Amino acid sequence: MSPSCVMPPKKNKETEPHLLISEESILGERWCPIYEKSAKFEPNHFEQAMLNIIRQPNINSTVILRADILKEKIVDPNEGETTFISKLINSVPEVESKDREKDVVLLHKDLQDVNVREVNLDGCQLSLKNRCEIVRRMIPRNPFKDFIINQTCLVMKTEDNQSVLVVYVPHISRAEDTPYYLPPVYAVGILYHNHKVSLHYQPFELDDWRKERNKIKNMDLSERPVRIALRLLQTSTKHSGGVKVGYEKRVNHDLVVSKVDFQNRYITLKSKYSSDLVNSWCESTDPKKHVFEDLAIAAFLIEYWKTKKFNKDEFEFRDLGCGNGLLVHILMMEGYKGEGIDARARKSWKVYPQEVQEKLKEKIIVPSILLKPHPSLAKIAPHIKDNGRQFAEPMNNQVTYHTAESLLNSSYVCTTEDFPKNTFLIGNHSDELTCWIPLLGHPFMVIPCCSHALNGNRMRFPPKKVKTALLNQASASTYGSLVDHVEDIAILNGWRVEKEMLRIPSTRNAAVMSCEKVQPFQEEPSEISQLRVLDIIAMEGGAEGWVENSLNLMKKAPRSH
């Protein structure tokens, strides 16, 4: 059979949305139904999915960053009422614009209006009562372009719990004030009833609400409010189906730094730097991916340091394997002191301000423990400063030999010994250095990417057997095994480890971090610390070849990530 004879698969009419725009709404005469779709899930699945979407409105629109829950009242016929009021209720998100002097201000409307709004259900064919009342604050991704507003979310149910209505009511008074990310109506209703989900609009209460309702009924299917209705319906049914089959999030974010603090900081940094950085990008890589990823990492680091009470005047950072230097640039522009170190300079380095250029160093990193004498020998013979080894570097059909002494004294080698005591190490996709960073004796954050052993060679680490058994999986992912391995090395070296799945545009988004050691390791002599690191290196198969691999890095083209 030729390809032209192959018939396209038939659509299942039962699962396709059905247009209701010419019909009357079951919710009453003030409402206009738009779409309906059959539901192969139960009302409790729908309610659970919708409560999740209320808390995460970014599921419905990429323009929305998040929602802050300001008030919540749950009415249980058996348990009574419970009420929650957030400390954010009387505040405005703390974000800044790059162009404050040009009257570029944070856009918001009536944020002081935090009272629950009601909807008109005159003529409704169902006896619905409020079971959950939420007032949330909608935060768009760019609040210097789209307005922040408050919005009421109601979950209403019939007495037998078989019909559920979820209503969204923005705290605005006319269609002209509607933010871009919402349909220009007074309320949106999403109803589960008789194993169907339908979406309804209620127009603003003007002098002639019938006229406004008829405007909606006469809309073309290509018009934005109708398209939004279809998307809202499809999202609600998709997620309700996911609840039914037991879908659970595979990762949890915001365990170390709060989402509100991180996202407010990210909005600020994006407003300050993103446009200039994207426009001046001179690398061959995608500017948007790298700019927004490093802005997000910088936002996380700044809030992490703030959470751990790091004073920016009392510590320095070192970005090991800093690549294009963008993260160093952002952090320095935000007033943090530090340096970036990489085996190869990048074109980007010359684009940054002079004070940033001076802090980007083209060096290879060779931990001093690979060049210095064993701690036991150093103790009895303090005059011996190196381990006497030689390292071969092939060059132009010849071999050049470097001694441990020459490398310790070379201006092209960073041994990390000259780092100030109050240094915080950053390993952002630092490849060969990833497993080394927890061994260097300073607080750190590592975002693993490519998997390498301590000798610098590519290495696939086996998954944790216990984890695999618990998850009932045949094997864990290579990336997950790398992240686990970095964590294990850090724990072996005494660090109190925290992990976070970062909100960055990358699938390699796990961060392993620590700013303190556990109690038994906090006051130990440096000799004991060095012996432990040597033991860990031996357990990892040794670091033979690290120096030679590091010397070769300076000859290779930079990686693109």
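Just so it is clear, the structure is predicted and the values come from calculations on it, not from any experiment.

### Considering the overall build of the protein chain
Reasoning step 1: Per the secondary structure count, the protein chain includes 13 helices and 20 strands.
Reasoning step 2: Each of the 561 residues in the protein chain was classed as buried or not, and the buried ones make up 51%.
Reasoning step 3: Taking the contacts inside the protein chain whose residues are at least 6 apart along the sequence as the reference set, 64% of them involve residues at least 24 apart.
Reasoning step 4: Counting 75 positive and 73 negative side-chain charges, the protein chain places the averaged centre of each group 3 Å from the other.

### Re the sheet that holds strand β19 (residues 498–501)
Reasoning step 1: Taken in spatial order, the seven strands line up as β12-β11-β10-β17-β18-β20-β19 in an open sheet, and their pairing is mixed. The outermost strands of the open sheet, each flanked by one partner alone, are β12 (360–362) and β19. Strand-to-strand, the axes of this sheet are offset by a mean angle of 20°, without reference to chain direction.
Reasoning step 2: Two elements, strand β11 (residues 337–342) and β12, share three bridges in a ladder whose sense is parallel. Looking at the pairing, Ile341 lines up with Lys361 of β12.
Reasoning step 3: Along the sheet, helix α6 (residues 326–333) makes contact with β10 (316–320), β11, β12 and β17 (423–428), crossing β10 at roughly 165°.
Reasoning step 4: Sitting on the sheet, helix α11 (residues 478–492) is in contact with β18 (444–447), β19 and β20 (510–514), with an inclination near 0° to β20.

### Remarks on the environment of Thr235
Reasoning step 1: Residue position: Thr235 is located in helix α3 (residues 224–244).
Reasoning step 2: Through-space distance from the C-alpha of Thr235 to that of Gly323 is 40 Å; in sequence the pair is 88 residues apart.
Reasoning step 3: Once you skip the residues sitting within four places of it in the chain, Thr235 turns out to touch Ile53, Ile59 and Asn60.
Reasoning step 4: A polar atom in the side chain of Thr235 sits 2.9 Å from the backbone oxygen of Arg231.

### Some thoughts on the domain arrangement of the protein chain
Reasoning step 1: Domain boundaries assigned for the protein chain yield domain 1 (18–245) and domain 2 (259–464 + 474–554).
Reasoning step 2: Distance from the C-alpha centre of domain 1 to the C-alpha centre of domain 2: 46 Å.
Reasoning step 3: The interface of domain 1 with domain 2 comprises 16 residues on the first partner and 10 residues on the second.
Reasoning step 4: Summed over both partners, the interface of domain 1 with domain 2 comes to about 1,200 Å²; 52% of that surface belongs to carbon and sulfur atoms.
Reasoning step 5: On inspection of domain 1 and its partner domain 2, the count reaches zero salt bridges.
Reasoning step 6: Inspection of the domain 1/domain 2 interface yields three residue pairs in polar contact (both at pLDDT 80 or more).
Reasoning step 7: When contributions to the side of domain 1 that touches domain 2 are tallied by element, the ones reaching two or more residues are β3 (64–76) and β5 (129–140).
Reasoning step 8: With three residues, β3 is the single largest residue contributor to the side of domain 1 that touches domain 2.
Reasoning step 9: Considering only residue class, the side of domain 1 that touches domain 2 consists of eight nonpolar, one polar and seven charged.

### Here we look at the side chain of Asp113
Reasoning step 1: Secondary-structure assignment places Asp113 in the loop between β4 (80–85) and β5.
Reasoning step 2: Ignoring sequence-local partners within four residues, the contact set of Asp113 consists of Asn150 and His171.

### Describing the environment of His195
Reasoning step 1: Here His195 shows up in the loop between β8 (187–193) and β9 (196–202).
Reasoning step 2: Judged by its relative accessible area of 39%, His195 falls in the partly exposed class.
Reasoning step 3: Separated by 145 residues in the primary sequence, His195 and Met50 have C-alpha atoms spaced 16 Å apart.
Reasoning step 4: Setting aside anything within four residues of it in sequence, one finds His195 in contact with Ser38, Ala39, Phe41 and Glu42.
Reasoning step 5: Side-chain polar atoms of His195 contact the side chain of Glu42, separated by 3.3 Å.

### Things to note about the state of the cysteines
The term disulfide refers to a covalent linkage connecting the sulfur atoms of a pair of cysteines.
Reasoning step 1: Inspection of the entire model under this criterion finds zero disulfides.
Reasoning step 2: In this structure Cys414 is a free cysteine whose sulfur lies 11 Å from that of Cys322, the closest cysteine sulfur available.
Reasoning step 3: When its relative accessible area of 5% is taken as the criterion, Cys414 is described as buried.

### Some remarks on the packing of helix α4 (residues 259–279) against helix α5 (residues 287–307)
Reasoning step 1: Where α4 meets α5, the closest approach of the two axes is 9 Å, and the angle between their N-to-C directions is 140°. On the basis of their axis angle, the class for α4 and α5 is oblique. Between α4 and α5 lies a crossing whose hand is right-handed. Facing Asp261, Phe262, Arg265, Tyr266, Leu269, Lys270, Tyr273, Ser274, Leu277 and Val278 of α4, the residues of α5 in contact are Pro287, Lys288, Val291, Phe292, Leu295, Ala296, Ala298, Ala299, Phe300, Ile302, Glu303 and Lys306.

### Focus on the nonpolar core
Inside soluble globular proteins, nonpolar side chains tend to come together where they are buried.
Reasoning step 1: Residues Leu320, Val366, Trp436, Leu439 and Phe444 are the most contacted members of the largest nonpolar core, which totals 42 residues.
Reasoning step 2: With residues near it in sequence (within four places) discarded, Leu320 still touches Ile341, Ile365, Phe419, Leu425, Ile426, Gly427, Ser430, Leu433, Ile437 and Leu440.
Reasoning step 3: Counting residues in hydrophobic clusters, the runner-up holds 41 residues, among them Ile297, Trp349, Met445 and Met513.

Rules used in this analysis
Residues numbered from 1 in each chain as written. Predicted model: local features only at pLDDT ≥ 70, side-chain atom pairs only at ≥ 80, totals over all residues. Heavy atoms only, no water. Helix = DSSP H or I, 4+ residues; strand = E, 2+ residues; numbered from the N terminus. Buried < 20%, exposed > 50% of the residue type's maximum accessible area, 1.4 Å probe, protein only. Contact = heavy atoms within 4.5 Å. Lys, Arg positive; Asp, Glu negative; His and termini not counted. Charge placed at Lys NZ, Arg CZ, Asp CG, Glu CD. Pairing = 2+ DSSP bridges. Axes fitted to C-alpha atoms, helices over the stretch in contact; angles between N-to-C directions. Polar contact = N/O pair within 3.5 Å; in protein donor to acceptor, adjacent residues only side chain to side chain. Domains from an automatic or database assignment. Buried area = accessible area lost by both parts, 1.4 Å probe. Salt bridge = Lys/Arg side-chain N within 4 Å of Asp/Glu carboxyl O. Nonpolar A, V, L, I, M, F, W, Y, C, P; charged D, E, K, R; others polar. Disulfide = S-S within 2.5 Å. Parallel < 35°, antiparallel > 145°, perpendicular 65-115°, else oblique. Left-handed = near helix turned anticlockwise from the far one by under 90°. Core = buried A, V, L, I, M, F, W, Y, C linked by side-chain atoms within 4.5 Å.

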